[in-house]
Amino acid sequence: METEDLDTPPAPSRFALLDYPDDEGPPTIVGWGLALPDGTTVGFSKRGGHTLFTMCASPDSLARLHNADPEWIDKPPPLPPLPHSPP
């Protein structure tokens, strides 16, 4: 079977989690993330010699958890639609 024959979902978008120092120095990469097309995000980081795996509802929530900023490697996925609110 050829890959063109497969019904494949869009690939996740990659991003780095950057921590900016207070002294105008270069940022430090504190982790990596993958954002799925629905906005669900997984992240990998090193803390105290341990590798952490985190799952969050969005790239922004993952970045807040790490006190970092996302720097997109790929085009970010579109924002998921907001839930409908009754009038």
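Preceding this paragraph is the structure being described.
Now for a look at the structure at hand.

What counts, and where the lines are drawn
Residues numbered from 1 in each chain as written. Predicted model: local features only at pLDDT ≥ 70, side-chain atom pairs only at ≥ 80, totals over all residues. Heavy atoms only, no water. Phe/Tyr/Trp six-rings, centres within 6.5 Å; stacked < 30°, edge-to-face > 60°. Helix = DSSP H or I, 4+ residues; strand = E, 2+ residues; numbered from the N terminus. Buried < 20%, exposed > 50% of the residue type's maximum accessible area, 1.4 Å probe, protein only.

**Concerning the packing of aromatic side chains**
Applying the stated criterion across every chain yields a total of two aromatic pairs. Here the aromatic rings of phenylalanine 15 and tryptophan 72 are separated by 4.7 Å at their centres, their planes lie at 50°, and the arrangement is tilted. Taken together, the positions of phenylalanine 15 in strand E1 (residues 13-19) and tryptophan 72 in strand E5 (residues 69-72) put the pair 57 residues apart, joining distant regions of the chain. Residue tryptophan 72 is classed as partly exposed on the basis of its relative accessible area, which comes to 27%. Taking 5.3 Å as the distance between ring centres and 50° as the angle between the ring planes, the aromatic pair formed by phenylalanine 44 and phenylalanine 53 counts as tilted.

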